[in-house]
Amino acid sequence: MVKFGWIKGVLVRCLLNIWGVMLFLRLSWVVAQAGIGEAMLLIISTSVVTTITALSMSAISTNGEIKGGGTYYMISRSLGPEFGGSIGLIFSLANAVACAMYVVGFCEAMVDLLGTYDLSISGDKMHDIRIIGSITIILLLGIVVIGMEWEAKAQLVLLFVLLAAMLDFVIGTFIGPLDAEEEARGFVGYKLELLRENFWPDYRYAENVDHDFFSVFSIFFPAATGILAGANISGDLSDPQGAIPKGTLLAIVVTTVSYLLFALMAGWTVERDASGIVSELINGTAYICANRTEKCSWGLHNSFQVMELVSAFGPIIYAGCFAATLSSALASLVSAPKVFQALCKDELYPYITWFARGFGKNNEPVRGYVLTFFIAVAFILIGELNAIAPLISNFFLAAYALINFSTFHASLIKPIGWRPTFKFYNMWMSLAGSIMCVLVMFLISWWTALLTLAVVLALYLIVTYRKPDVNWGSTTQAQTYKNALVSVQQLNNVEDHVKNYRPQILVLSGMPNFRPPLIDFAYLITKNLSLMICGHILKGPVPQRVHNSLTHKGQSWLRAHRVKGFYNHVDEVSFEDGAKALLQASGIGKLRPNILLMGFKADWRECPRTDLIMYFNVMHKALDLHMAVAILRIREGLDYSNELIGSSDTKEEANGTGPMANGGKGGLGINGAAGEGGLEVDKNYLDARMGSQCSLPRNQSFSQMSQELYKFLSVGLRQITTRASSMSDVSSPGTPRLERHKGMGDDESPSNNAMDGKGQISGSQAGDAEEGRAETDREDITEVFKNSLRGKKDRKEERMPRTDHLKGPGGVDLPKELLHRITQFQRRQKKGTIDVWWLYDDGGLTLLLPYIISTRRNWASCKLRVFALANKKDELDFEQRSMASLLAKFRIDYSVLKVIPDITKKPKEETKTFFEGLISDFVQDGNNEEEEENSATITEAELLAMKDKTNRHLRLRELLLENSMEANLVVMTLPMPRKGVVSAPLYMAWLEALTQDMPPFLLVRGNQTSVLTFYS
């Protein structure tokens, strides 16, 4: 593979590009319009912009390895794919158009040369330019297709020709006019009087434009675009970090000095107007063209062939002009495809990856060459150089602006990775350069500038919408971190206020893909409002790489399903210890959960008693930490890991190695055999399920993690019998299962609840619906993420549930009924009610959560019905009015308010019989308190002591069956799990009695902190 050094790869290319068509065809015209003084100011202004940009580019290029793609690569890796992709596309187009501009310049010189011999191809100058230009671009295409080595050799030859032509011009200015004809054409040699006359501007109307400084600047500025010629082939440089700064800056210095000298020489030796008639030299009218019927054809204003006129030997100037234009065209023809190829490889835009393929040992973008060829031909057919120049100026200025802004942004944010070895830059100078570029864009042509910015914005939005799966460590990512850190620190100094209360939820969900309904329900509350963290508890230890892979997959699932939340897990702990760790350590500052949401433990009667006790203790711990607790239950259950991933978990469950919470609906999707915490892995299944790599990002580190995870599973490493972090789930599909939301206390009335909350909240609330799950879940992440990670982000709050990624084992389609259950909280709800059973005052959370849900678009057709309890039957009217007034002050919109007067009524016999069947396996004779607490049993003494509360809950069940069976959602205050007063099985029996066979049921218990207020 051919690699170039800084001279051949950068310096030569930059010199040839900057000494381009402007030097031989437009510099004299610029001096005529702007005068020597403003022309030099114009050149210096251009050089200031390019020098600042080169300094910024040098800083970026020395901050790590630079690969192919040049300007696009630097901007995209600095500012991110959004800016990089947009500027890369227009920069490629700008180079393609610049190629056309340089070819048109060559054609103009060729047509003028033919005109001196009265020759023409078609008889029309514009047609001749188009014909010669088309032939020229074909020849140039042939050179670049052969390979970069031949193109580099051609550039060296052209450089020698160009230097010879420049030397020819300088010598010619000192020799002076050789005959009267040259003098009549305006070349008079060095004269102080002419220097004084030509020093001042003389802007004129030309080519349908009334010129001024900025219009002339816009025509001249493309000469400066050559500074990126070396950077654009960064992939072909042996040492881009050293070559780009050295070659680019030296080229700017050399070309700036040469342009200044040439402008001075042209203005000092050639008249602005000349007739070219020798006889008029005698009477002194050869340089007076104001009142002529025929326009003068010579002089700085009228002829683009001034350099040939002044030179010692004219044909060398033509050769130099041809060399300058062709070398610039050749460099642009190479640059555009190189940049475009790098852009296509990154797959930021659709339908262009076909151009990413390279050919030959140097990976030449042949397809890009052909595309650039057709674009250049289209602009060559325009034929007018001045019509093309402003468009190119704006495209390049946009690129310059972002290069400068990249350096400024990196210097401002100061990420740890910003350590450029090039130190001669300044962040404020870079910012000034960026602003200068934007201002110049508008001064050149405001409508072209607006068009350029609109194109950049449109391309930026396309990349933002697609969210490509790339991770380049851009400064925008560093900015996001810095902003977040500052905001969290500022938030930590803000005092809590009831008006700013937000329900921040810790969901014990296990891997998010295990329990989609639980995640969807939590997101109904937190969407665009507050924090949601998905907690996952693994019973066995896992390596760090598996930790990383789990975090990646959990977060990717949330991102793919457009759920704004976080995933966190702990390993090598029991469910209780893991839940306590998550409760105490999740979040940071004020951004930490204040609600624990779990699924209902539907298998509480069949699971090991220790699991039941741990589930109960987690509720206590949450309340001890002054967190609210919520438990969700739905008839069909919450765990769909078997249906979505595989059925081999059931074997693991049967052997006792599956998750506690689900009644055993397995955790990892691994064929397990009971042992000492170990697993025997079904390798064929893993091959089928985890062999796909398209589910992981192209970031190498995650690819390695995935491989490590696969190896880890394939050898059947022990201690990975992880358990999903919620202990609740159904043991069989037919068993009613519900996850609950936070609920209020069980035993208290609104008056005495506040007292209880001061020091007696010792109960913790139920964790998620499952304790653990073998970590290496065999979720079919290939199907889940194949399309969603492309980032088709919909900004609407509501959308139809997406089911294309939900597949069964082997990729089979799931039954419609199963899909309906999985996505039940994503769908628009039918017209109905949300029944709120506000039994006790826990701060208002039981009212607030259903109110938030009712504001979601999918639940807009569901009206709130509020049920409350009256202490005495004769106070029914008073309680009704008081509750209505309270809801009005809280600004809670409801459709029905019903106060229940007969809560103390004894339950029916069938209800009692039903309850006795629930607890029959847990009731024991005797009154051994220690045994009771350790074995999760119910004593006769406890049943007697809790008789009134039990009857109250059974009566509530009858009322629920009577009033809320048709509700879309039921929200009720959660009974208070008083530790040492009520046992775990009795408490779970109460919850079972309240929720069994009911619609989706949320039990909520606040932490006695007010979440509703009367005041504005």
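What counts and what doesn't
Residues numbered from 1 in each chain as written. Predicted model: local features only at pLDDT ≥ 70, side-chain atom pairs only at ≥ 80, totals over all residues. Heavy atoms only, no water. Helix = DSSP H or I, 4+ residues; strand = E, 2+ residues; numbered from the N terminus. Buried < 20%, exposed > 50% of the residue type's maximum accessible area, 1.4 Å probe, protein only. Contact = heavy atoms within 4.5 Å. Areas by Shrake-Rupley, 256 points an atom, 1.4 Å probe, with all protein chains shown as cover. Patch = residues over 30% accessible without salt bridge, like charges linked within 9 Å, V, L, I, M, F, W, Y side chains within 5 Å. Salt bridge = Lys/Arg side-chain N within 4 Å of Asp/Glu carboxyl O. Phe/Tyr/Trp six-rings, centres within 6.5 Å; stacked < 30°, edge-to-face > 60°. Pairing = 2+ DSSP bridges. Right-handed = clockwise from strand over helix to strand, strands pointing away. Axes fitted to C-alpha atoms, helices over the stretch in contact; angles between N-to-C directions. Parallel < 35°, antiparallel > 145°, perpendicular 65-115°, else oblique. Left-handed = near helix turned anticlockwise from the far one by under 90°. Nonpolar A, V, L, I, M, F, W, Y, C, P; charged D, E, K, R; others polar. Disulfide = S-S within 2.5 Å. pLDDT = per-residue confidence, 0-100. Polar contact = N/O pair within 3.5 Å; in protein donor to acceptor, adjacent residues only side chain to side chain. Core = buried A, V, L, I, M, F, W, Y, C linked by side-chain atoms within 4.5 Å.

K.L.:
For this particular structure, what's the right way to read the overall build of the protein?
P.N.:
What the protein contains, in helices and strands, is 36 helices and 17 strands. Out of the 1016 residues in the protein, the part that is buried amounts to 59%. In the protein, the share of contacts with a sequence separation of at least 24, taken over all contacts with a separation of at least 6, comes to 83%. When the accessible surface of the protein is totalled, it reaches about 40300 Å², and 58% of it is carbon and sulfur.

K.L.:
Looking at this model, I keep getting lost on a nonpolar patch on the surface. Mind explaining?
P.N.:
On the surface, a cluster of nonpolar side chains totalling about 680 Å² of accessible area is made up of Val-438, Phe-442, Trp-446, Trp-447, Leu-450, Leu-451 and Leu-453. At the level of elements, helix H16 (427–444) and helix H17 (446–466) are the ones that each hand at least two residues to the nonpolar patch. Here the element with the most residues in the nonpolar patch is H17; it accounts for five residues. Mapped onto the elements, Trp-446 comes out in helix H17.

K.L.:
Is there a simple way to explain the packing of aromatic side chains in this structure?
P.N.:
Describing an aromatic ring pair means giving the distance of the ring centres and the angle of the ring planes. Inspection of every chain in the model, using the stated rule, returns 24 aromatic pairs. With 6.5 Å between their ring centres and 15° between their planes, Phe-825 and Trp-859 make a pair best called stacked. Separated by 34 residues along the polypeptide, Phe-825 in the loop between helix H29 (816–822) and strand S11 (832–838) and Trp-859 in the loop between helix H30 (845–854) and strand S12 (862–869) bring together distant segments of the chain. For the pair shown, Phe-825 and Trp-859 are each scored as buried.

K.L.:
Just to check I follow, could you spell out the pattern of salt bridges for this structure?
P.N.:
Oppositely charged side chains can pair when the atoms bearing their charge come close. All chains considered together, the criterion is met by 14 salt bridges. Note that Lys-580 is salt-bridged to Glu-576, the shortest N-O span being 3.0 Å. Within this pair, Lys-580 and its partner Glu-576 are both found in helix H21 (residues 575–585), separated by four residues, close to a single helical turn. Judged by its relative accessible area of 24%, Lys-580 is partly exposed. On the accessibility criterion, Glu-576 (14% relative accessible area) is buried. In this structure, Asp-603 engages Lys-601 in a salt bridge whose closest nitrogen and oxygen atoms are separated by 3.1 Å. An identical accessibility class is assigned to Asp-603 and Lys-601; each is buried. Through salt bridges with shared partners, a single ionic network connects Asp-202, Arg-204 and Asp-273.

K.L.:
Any chance you could explain the pairing of strand S4 (residues 532–537) here in plain terms?
P.N.:
In the case of a regular strand, side chains alternate between the two sheet surfaces. When you tally the buried positions in S4, you get six out of six residues, the bulk of the element. Going residue by residue along S4, you find Met-532, Cys-534 and His-536 tucked away on one face and Ile-533, Gly-535 and Ile-537 tucked away on the opposite face as well. Relative to S4, strand S3 (residues 505–508) runs parallel, the two sharing four bridges. Bridge pairing links Val-507 to Cys-534 in S4. Remark: the S3/helix H19 (residues 516–526)/S4 crossover connection has right-handed handedness.

K.L.:
For this particular structure, what's the right way to read the environment of Val-188?
P.N.:
Mapped onto the fold, Val-188 is located in the loop between helix H7 (180–184) and helix H8 (192–199). Between the alpha carbons of Val-188 and Leu-178 there is a distance of 9.8 Å; along the sequence they are 10 residues apart. In this structure Val-188 touches Pro-177, Glu-183, Leu-194, Thr-269, Glu-271 and Tyr-287, once residues within four positions along its chain are discounted.

K.L.:
Which parts of the structure should I look at to understand the packing of H21 against helix H22 (residues 609–624)?
P.N.:
At a closest axis distance of 9 Å, the pairing of H21 and H22 adopts a crossing angle of 20°. Taken as axis vectors, H21 and H22 run roughly parallel relative to one another. For the crossing formed where H21 meets H22, the hand is right-handed. Together, Phe-575, Glu-576, Ala-579, Lys-580, Leu-583 and Gln-584 of H21 and Met-614, Tyr-615, Asn-617, Val-618, Lys-621 and Ala-622 of H22 make up the contact between the two elements. Looking at the contact of H21 with H22, its residues break down into seven nonpolar, two polar and three charged.

K.L.:
Would you take a moment to explain the state of the cysteines for this structure?
P.N.:
In a disulfide, the sulfur atoms of two cysteines are covalently bonded to one another. Taken as a whole and assessed by the stated rule, the structure comprises one disulfide. Across the disulfide, Cys-289 is cross-linked to Cys-296 (sulfur-sulfur distance 1.8 Å). Across the disulfide from Cys-289 to Cys-296, rotation about the S-S bond amounts to roughly -100°, and the bridge is consequently left-handed. The exposure classification of Cys-289 matches that of Cys-296, with both residues buried.

K.L.:
How do you make sense of the pairing of S11 when you look at a structure like this?
P.N.:
Of all seven residues in S11, seven are buried; the element is thus mostly enclosed. Pairing between S11 and S12: seven bridges, direction parallel. In the sheet register, Val-836 faces S12, and the bridge partner there is Val-866. Crossover connection from S11 via H30 to parallel S12: handedness right-handed. Two elements, S11 and strand S16 (residues 969–973), share four bridges in a ladder whose sense is parallel. When the sheet's bridge partners are listed, Asp-835 is paired in S16 with Val-970.

K.L.:
Explanation requested: the confidence of the model for the protein in the structure shown.
P.N.:
Close inspection of predicted coordinates is inappropriate for parts of the model with low pLDDT. For the protein, mean pLDDT is 79; residues scoring 70 or higher make up 81% of the total. In this model residues 646–799 is a low-confidence stretch, pLDDT under 50, and it forms 592 contacts with partners more than four residues away in sequence or in other chains.

K.L.:
Just to check I follow, could you spell out the environment of Leu-195 for this structure?
P.N.:
One can find Leu-195 in helix H8. For Leu-195, a relative accessible area of 19% translates into the label buried. With 69 residues separating them along the chain, Leu-195 and Leu-264 place their C-alpha atoms 8.5 Å apart. When residues no more than four places from it in sequence are discounted, the contact partners of Leu-195 are Ile-36, Leu-264 and Trp-268.

K.L.:
Help me understand the side chain of Asn-17, please; the structure alone is not making it clear to me.
P.N.:
Along the polypeptide, Asn-17 turns up in helix H1 (residues 6–18). Of note is the side chain of Asn-17, whose polar atom sits 2.9 Å from the backbone oxygen of Arg-13. Setting aside chain neighbours within four positions, we find Asn-17 in contact with Tyr-102, Ala-223, Gly-226, Ala-229, Ser-327, Ser-328, Ala-331 and Ser-332.

K.L.:
How should the packing of helix H32 (residues 909–919) against helix H36 (residues 984–995) be read in this particular structure?
P.N.:
Each pair of packed helices can be described by the angle between their axes along with the distance between the axes. Viewed as axis vectors pointing N to C, H32 and H36 meet at an angle of 135°, and their least axial separation amounts to 10 Å. Compared by their axis directions, H32 and H36 come out oblique. Of the two elements, H32 crosses H36, and the hand of that crossing is right-handed. Residues Phe-914, Phe-915, Leu-918 and Ile-919 of H32 lie in contact with H36, whose contacting residues are Leu-986, Ala-989, Trp-990, Glu-992 and Ala-993. Residue classes in the contact of H32 with H36 are distributed as eight nonpolar, no polar and one charged.

K.L.:
Quick question: what am I supposed to make of unusual backbone geometry here?
P.N.:
Phi is mostly negative for residues that are not glycine, and the peptide bonds are mostly trans. A positive phi angle, near 55°, is found at Asp-118, a position not held by glycine. Here Asp-118 shows up in the loop between helix H4 (81–116) and helix H5 (125–146). At Glu-572, a residue that is not glycine, the phi angle is positive and equals roughly 60°. Structurally, Glu-572 is set in the loop between strand S5 (566–570) and H21.

K.L.:
Would you take a moment to explain the environment of Leu-524 for this structure?
P.N.:
For Leu-524, the position within the fold is in helix H19. Leu-524 gets classed as buried once you look at its relative accessible area, which sits at 9%. Not counting the four nearest positions on each side in its chain, Leu-524 is found in contact with Phe-825, Ile-852, Ile-853, Arg-856 and Trp-859.

K.L.:
Even after reading the chapter, I still don't get the nonpolar core, so can you show me in this structure?
P.N.:
Inside soluble globular proteins, nonpolar side chains tend to come together where they are buried. Counting residues in each nonpolar core, the largest one holds 142 residues, and the members touching the most others are Phe-24, Ile-137, Phe-220 and Tyr-259. At 19 residues, helix H2 (residues 21–61) tops the list of elements feeding residues into this core. Those residues in contact with Ile-137, other than ones at most four positions away along the chain, are Cys-99, Val-103, Phe-373, Ala-376, Val-377 and Ile-380.

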